[in-house]
Structure formats: C-alpha cells, structure tokens
Amino acid sequence: MNHFLSLTGLLPDELNNLLDSATELQQSGEQVLFNKHVLFVFEKPSLRTVLGTEVAVNQLGGHVIHAKPEIMLSPGKNVEYSSRESVKDTIRNVSQWCDSIFARVYSHKTLTEMATVSPIPVVNALCETYHPMQAMADLLTIREYFGTDEKIALTFIGDANNVARSLFEGLLTLGHDVRFAGPDSCSWKPEEILYFEKLALSYGGQFTCSSRPEEVLPGAQVVYTDTFVSMGEEHLAAEKLGFFHGYQVDAAMMAQAEPEAVFMHCQPAHRGVEVTSEVLDAPCSLVMKQAFNRMVSAKGVFARLIADPWKSQAENQLATL
Ligand code: NVA
C-alpha cells in the first residue's frame, strides 16, 4: 500500500515523475479520478491546502468529502484517537466508500497510525514534522522558473520546521544547493544536519547550516521563509519571535543574494514579521505561483496514488512512515 506522508526515501526519478505527471495532467485535463472520492480531515486551519487540493481533485473528475476531525480523531490537540471506535475500524469503514484520505494533523504519529491500518492511501496535508504537498508545489515552481535541469542555490531563513524539512528533502534529492540560517534555538538537530548532508552527498547537492544569514545568502537564487510561529505553537509566540529578531527577510537581506534572486514563502505570510510587504509584493516574489502550483502538484500525487498505484522497484518508498 502506498501512502504519501513525507518525501523521505523518494528517489530523484520518482520525484521528477510526480512533477512531470502533475504538469501533464494540468495540460491534458484528463479526468483520471473520475468517480473517485477523497476524504479531507483537517485538525488545523487551511486555505491553500484545502482549496488547491479540492480544485485539483475536482478537475481530475473526482470528489472531495470533508469529515469533521472529531468523527475520525478525538477533538483537541496532540491527538489521541477517540474511544468511539478504533482507528482501524474507522479507516476500514472509510475505505468502503473513499479512495484516499487527506489529513492535516497536529502529530505525525496520527498519520502513521492511520497509514499502518489503512487499505487506501493516506496523504499528509501538513503535520508538525512535514509538509510534503507544499514541497511538491515549491519544487514545481522552482523547476518552472529555472528550468528542469538547472541546479539552484536556495537559502531558507527561519524556522527548522515542517515546511523547511520537506522542502530540503525534495531539493537535496534533486541535487540542489540548500542553505539554512536560523537562530540556534530553532535550528536543526545534529542528526538532522547529518541526514541532510547525506542526502546532499548521495545526489550531488550541498547542505549548509548557519545561524548567520549573511553567511548563506551570497549566491542564493532563491530566498525562502516561513512563519516564525507555526500552528500549534501559538503559546510559544512571544519566545519564538524573540529568537527570530534579525531574521526578517527584507530588501537588505534580498540584496545579499544574487541580483536576480526570487523570493518564496509557503504562506500564510505575516507582513512585517518574517517578511516585509516590500519583498512579499515585489516582482521577484513567486508566492502566487507557489499557491497556484499547490493545485497543479496535488494532481500528480493523487493521480499516482489513486489512479496509477506506484509500480516502481522502490514501491515502498512512498510508504515512508
Ligand atoms: N510552518 C507553518 C506552515 C503553514 C503552511 C505551520 O505549520 O503553521
């Protein structure tokens, strides 16, 4: 059984095939999900992930059903399953009617528990550790902007979190040069740095981790940031905003990158916090292209999982838990 919980373990060809397939489906309009149903379960708010993916499924001829999280998961954060019925029974029932589950959860463990017992593909719509569907849109945006074969240098300024983790896995698998700058208290653990370095070594890219933006900005063709306070961390807001003093992406920071550098952000963006309006609204900002590509890239993932189950030698790579 194939799931899409993270980009961990995907091979470059597999990643490129998903992106190729997304572009092809966008161009062809082929309705490969005719009469298929995707169940959306969201514990956290969403604009782009819900709407972009729902339009993607609709355009592929499929249908989306929204389940209240309390039907499948217990209410509240740091999920434990409801005592109403076991997760296995819930999912086995869902699989009688639906062809995939698209879930945004507080804890990655929730996804792995679902995937372990699910006969239908479970797709991660964001958890505290990964945001693979955002990464797919970002990889597609980078590929469209720079060309399929171009290896680029991307500098991420901000939090070592879900968006950055999935983006780095994807970029390093495709052989790009990834740089990160964030305060020590919100940076990568040593084992995560080793993991990124190993990916870089395997696929011909580079990984650099610093606490000083000025060390990793020169040569950057893309400057990327995410919110400093993620969903579920609101109680840490004051402390985290303190850590990130000096890490706002502004015109002066962009000026340290390549003259033609572009700006990217997964959104929601907090104007005047992690990025200035001047940068967010600048001609070099790709944020709306990223948002559009949330829809395009989702087509590749759902089509592959539902309509064309993975048949490569590395069949289990998609089932990374
Ligand atoms: N890191 C952010 C991403 C939002 C799309 C969060 O988890 O809230």
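Sequence positions are assigned chain by chain, starting from 1 and proceeding in written order. Note on the predicted model: pLDDT of at least 70 is required for a residue's local features to be given, and 80 or more for side-chain atom pairs to be given and counted; whole-chain, interface and lining totals, by contrast, use all residues. Processing note: side-chain calculations cover all non-hydrogen atoms of the structure and skip hydrogens and water entirely.

(A) Structural view of the packing of aromatic side chains. In this analysis, rings of Phe, Tyr and Trp, with Trp reduced to its six-membered ring, are considered paired at centre separations within 6.5 Å, and the interplanar angle assigns stacked below 30 degrees, edge-to-face beyond 60, and tilted for intermediate values. In this structure the tally under the stated criterion is 18 aromatic pairs. Ring geometry for phenylalanine 168 versus tryptophan 188: centroids 5.6 Å apart, planes at 50°, classification tilted. With a gap of 20 residues between them, phenylalanine 168 in helix α7 (residues 162-173) and tryptophan 188 in the loop between β6 (177-181) and α8 (190-203) connect regions that are remote in the sequence. A 1.4 Å probe rolled over the protein chains alone gives each residue an accessible area, and that area as a share of the maximum for its type sets the label: buried under 20%, exposed over 50%, partly exposed in between. On the basis of relative accessibility, which here comes to 0%, the residue phenylalanine 168 falls in the buried class. Strands are runs of DSSP state E lasting at least 2 residues, helices are runs of H or I lasting at least 4, and numbering of each runs from the N terminus.

(B) Region of the structure containing the pattern of salt bridges. Any Lys or Arg side-chain nitrogen located within 4 Å of an Asp or Glu carboxyl oxygen qualifies as a salt bridge. Inspection of the entire model under this criterion finds eleven salt bridges. In this structure, the salt-bridge partner of lysine 109 is glutamate 113, at a minimum N-O distance of 3.2 Å. A residue pair is termed a helical-turn pair when its members lie 3 or 4 positions apart in one helix, as lysine 109 and glutamate 113 do in helix α5 (residues 108-117) at four residues. One salt bridge connects arginine 212 with glutamate 215, and the closest N-O pair in it is separated by 3.3 Å. Under the relative-accessibility criterion, arginine 212 is labelled partly exposed at 43%.

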